[in-house]
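Now for the letters of each chain:
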Amino acid sequence: MKIFSLLLVLGLAGFAPGPKLVTTKLPGLTVGVPEGFAPLPDDGIAAKYPAARKPLAVYSSPNGRVDYSVAVRPTDFQAPDYNVLLQIYKASIQRLYSKVEFIKQEVRQVHGHSFASFEFVSTVADTRRGEQLASIRKYQAVQYTVVNDQMYVFTFDAPANEQAQWQPVAQAVMGAIVLK
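Here is a short report on the structure shown in this document. Sequence order as written defines the numbering, with residues in each chain counted from 1. Residue-level local features of this predicted model are given only where pLDDT is at least 70; pairs of side-chain atoms are given and counted only at 80 or more, and the full residue set underlies all totals for whole chains, interfaces and linings. Only hydrogens and water are set aside when side-chain values are computed; all heavy atoms of the structure are taken into account.

L29, V31, Y68, F154, F156 and L179 are the most contacted members of the largest nonpolar core, which has 26 residues in total. When contributions to this core are tallied by element, the ones reaching two or more residues are β2 (29-34), β4 (57-60), β5 (67-74), β8 (136-147), β9 (150-159) and α4 (163-174). Looking at this core element by element, the count peaks at five residues for α4. Each nonpolar core is a collection of buried residues, namely Ala, Val, Leu, Ile, Met, Phe, Trp, Tyr and Cys, held together in the definition by side-chain atoms within 4.5 Å. Relative accessibility under 20% of the residue-type maximum defines a buried residue, over 50% an exposed one, and the middle range a partly exposed one, all with a 1.4 Å probe and only protein chains included. Within the second largest apolar cluster, 15 residues are counted, among which are Y82, A116, F118 and V142. Counting from the N terminus, the helices are the DSSP runs of H or I reaching at least four residues and the strands are the DSSP runs of E reaching at least two.

Set out below in structure tokens:
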């Protein structure tokens, strides 16, 4: 009887609903944004993501610790070999951080489009002042795709110590991208 109960619970757990996403339209695409996330205003984007070219959109969790961003930029890649793109962006990710622990790196299909897709935990160590400060560790899921002459970059990041909570959400978000 105990075995039957355990199998029943495990079987029902397989049918548990996934993370709740809100379908959101952006220019040229539709994304799934985690329920409860809110768009960052322009000044919030500028403070959190200082860059010459701001992201198309950034959505943040209520406590501001978890973000989902969508960026678009021109690219010279035309119908790229996604396996080559995977290697190029893997090297780029490795240069950005002190340490990278890859969980997944693959070329995947999402709603008919190919993506170079990564999941990893990054570490940034700050030793600028000659003393070791606390490292910053983040769980991240990143996907790259090319449409016409545009590179789309989708990034989900959360504190590494919250990976177990956010990984299923990140995977759902990355699977909900629909490009036109």
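Another aspect to go through is the sheet that holds β4. Consider a sheet: its strands pair through backbone hydrogen bonds, and that pairing is either parallel or antiparallel. Strands sit in the order β3-β4-β5-β9-β8-β7-β6 across an open sheet of seven strands; the sheet is antiparallel. If you trace the sheet from one side to the other, it starts and ends with β3 (38-39) and β6 (99-110), each paired once. Strands pair, by our definition, only if DSSP identifies at least two bridges between them. As paired strands, β5 and β9 are joined by eight bridges and run antiparallel to one another. Bridge assignment links V70 to a residue of β9, and that residue is F154. Should any heavy atoms of two residues lie within 4.5 Å, those residues are considered in contact. Axis geometry follows a simple rule: fit a line to the C-alpha atoms, using only the stretch in contact for helices, then measure angles between N-to-C directions, giving values from 0 to 180 degrees. Contacts from α4 reach β5, β6, β7 (113-124), β8 and β9 within the one sheet, and its direction differs from that of β9 by about 160°.

Even without being a glycine, H111 presents a positive backbone phi close to 50°. According to the relative accessible area criterion, H111 is exposed, its value standing at 52%. A positive phi is found at N148, a non-glycine position, where the angle reads about 55°.

Sheet analysis places β4 next to β5, joined by four bridges and oriented antiparallel. Note on β5: the bridge partner recorded for V58 is S69. The antiparallel hairpin formed by β4 and β5 contains six residues in its connecting segment, where G64 sits at a positive phi of about 75°.

Relative to the helices and strands, T75 resides in the loop between β5 and α3 (82-96). You can call T75 buried: its relative accessible area is 14%. The term polar contact refers here to a pair of N or O atoms within 3.5 Å; inside protein, the definition further demands a hydrogen-donor-capable atom paired with an acceptor-capable atom, and it admits residues adjacent in sequence only when both atoms are side-chain atoms. For T75, the side chain forms a polar contact with the main-chain nitrogen of F77, separated by 3.2 Å. Beyond its immediate sequence surroundings of up to four residues, T75 is in contact with V146, D149, Q150 and M151.

Relative to the helices and strands, T30 is located in strand β2. Separated by 149 residues in sequence, T30 and L179 place their C-alpha atoms 6.5 Å apart. T30 has contacts with T23, T24, K25, A176, I177, V178 and K180, leaving out every residue within four places of it along the chain.

Attention now goes to the sheet that holds strand β1 (residues 21-26). Here three strands make up an open sheet; going across it, the order is β1-β2-β10 and the pairing antiparallel. Every other strand in the sheet has two partners, leaving β1 and β10 (178-179) as the edge strands with one partner each.

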